[in-house]
Amino acid sequence: MRSKLTVLAAITVLAASFLFVNVSVHPVTSVNAQAVKCTDAKFLTQVATDFTDISKIQATDAVASAHSLLIIAGVRQKYEDMTDVPDTCLSVQYQTVSFMANLSDLFSLAIASQVDAAGAADYAKAATAQVERVKKLGAAMTDLIKNGEGDMAATPAS
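Since this is a predicted model, take the numbers as computed values, not measurements. (Residues numbered from 1 in each chain as written. Predicted model: local features only at pLDDT ≥ 70, side-chain atom pairs only at ≥ 80, totals over all residues. Heavy atoms only, no water.)

*Asks:* Is there a simple way to explain the packing of aromatic side chains in this structure?
*Replies:* Given two aromatic rings, their pairing is described by the distance between the two centres and the angle made by the two planes. Overall, the coordinates contain two aromatic pairs when judged by the stated rule. Relative to Phe 99, the ring of Phe 51 lies with its centre 5.3 Å away and its plane at 55°, an arrangement referred to as tilted. With Phe 51 in helix α2 (residues 41-53) and Phe 99 in helix α4 (residues 90-115), this pair connects stretches of sequence that are 48 residues apart. Grouping residues by exposure puts Phe 51 and Phe 99 together as buried. (Phe/Tyr/Trp six-rings, centres within 6.5 Å; stacked < 30°, edge-to-face > 60°. Helix = DSSP H or I, 4+ residues; strand = E, 2+ residues; numbered from the N terminus. Buried < 20%, exposed > 50% of the residue type's maximum accessible area, 1.4 Å probe, protein only.)

*Asks:* Could you clarify how one ought to interpret helix α3 (residues 62-81) in this entry?
*Replies:* The end-to-end C-alpha distance of α3, which contains 20 residues, comes to 28 Å, matching closely the 28 Å that a straight helix rising 1.5 Å per residue would cover. The N-terminus of α3 is capped by Asp 61, whose side-chain oxygen sits 3.1 Å from the backbone nitrogen of Val 63. (Expected span 1.5 Å × (residues − 1). Polar contact = N/O pair within 3.5 Å; in protein donor to acceptor, adjacent residues only side chain to side chain.)

*Asks:* How do you make sense of the state of the cysteines when you look at a structure like this?
*Replies:* In a disulfide, the sulfur atoms of two cysteines are held together by a covalent bond. A complete count under the given rule lists one disulfide for this structure. Disulfide partner of Cys 38: Cys 89, at an S-S distance of 1.9 Å. Residues Cys 38 and Cys 89 are joined by a disulfide whose S-S torsion is about 80°; by sign, that bridge is right-handed. Note that Cys 38 is positioned in the loop between α1 (2-19) and α2 and Cys 89 in the loop between α3 and α4, a separation of 51 residues in sequence. (Disulfide = S-S within 2.5 Å.)

*Asks:* Before we go on, may I ask you to explain the packing of α2 against helix α5 (residues 120-147) in this structure?
*Replies:* Two measures define how a pair of helices packs: the angle their axes make with one another and the distance between the axes. The N-to-C vectors of α2 and α5 enclose an angle of 145°; their axes lie 10 Å apart at closest approach. Between α2 and α5 the crossing geometry is left-handed. Touching Leu 44, Val 47, Ala 48 and Phe 51 of α2 are Gly 138, Met 141, Thr 142, Leu 144 and Ile 145, all from α5. Here the contact of α2 with α5 is built from residues that sort into seven nonpolar, two polar and no charged. (Axes fitted to C-alpha atoms, helices over the stretch in contact; angles between N-to-C directions. Left-handed = near helix turned anticlockwise from the far one by under 90°. Contact = heavy atoms within 4.5 Å. Nonpolar A, V, L, I, M, F, W, Y, C, P; charged D, E, K, R; others polar.)

*Asks:* Which parts of the structure should I look at to understand the nonpolar core?
*Replies:* The nonpolar side chains of a soluble globular protein tend to be buried with one another. Judged by nonpolar contacts, the single largest core of 33 residues is most densely connected at Phe 43, Phe 99 and Leu 103. Breaking this core down by element, the ones donating at least two residues are α2, α3, α4 and α5. At 10 residues, the largest contribution of residues to this core is made by α4. (Core = buried A, V, L, I, M, F, W, Y, C linked by side-chain atoms within 4.5 Å.)

*Asks:* Please explain the packing of α2 against α4 as it appears in this structure.
*Replies:* Where α2 contacts α4, the axes come no closer than 11 Å and their chain directions differ by 10°. Between α2 and α4, the crossing angle belongs to the class labelled roughly parallel. Here α2 contributes Phe 43, Leu 44, Val 47 and Phe 51 to the contact with α4, which in turn contributes Val 92, Gln 93, Thr 96 and Phe 99. Partitioning the contact of α2 with α4 into residue classes produces six nonpolar, two polar and no charged. (Parallel < 35°, antiparallel > 145°, perpendicular 65-115°, else oblique.)

*Asks:* Where do I start with the side chain of Ser 68 in this structure?
*Replies:* With respect to the helices and strands, Ser 68 occurs in helix α3. For Ser 68, the side chain forms a polar contact with the main-chain nitrogen of Gln 58, separated by 2.7 Å. When neighbours within four sequence positions are excluded, Ser 68 is seen to be in contact with Ile 57, Gln 58 and Phe 107.

Here's what the structure looks like:
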């Protein structure tokens, strides 16, 4: 039971730390010769809206976690299926997919801990590492949304 609470607490802290980020999009006016910036304000605004919309997700119980997985999957699939993304915004698209996939992994661990008390310690251990991964990806997402660019090399592979 304690491990289950650890997983739920980690997810709650994670949600509070960056899912409720109030992101404002600032159009980029200069292009760094070494980095490609997404300058499409409409696209960045949509990403910011979707990123903020996932603040509705919860891991209070298995049903809430399952519903949250549906929301996360919908956003991830939206970006996976996009075909009209400006070339300069592909990194933002890919990072969004990566973030949603890793967030989904975290919520899968939450569900597992909620329905399998015997394995709760294993899920808590895995969740600890996953929380760190999602935090790093979340910080990179925030940079991408705010600045149109970010250091994807600094984030772990999903």
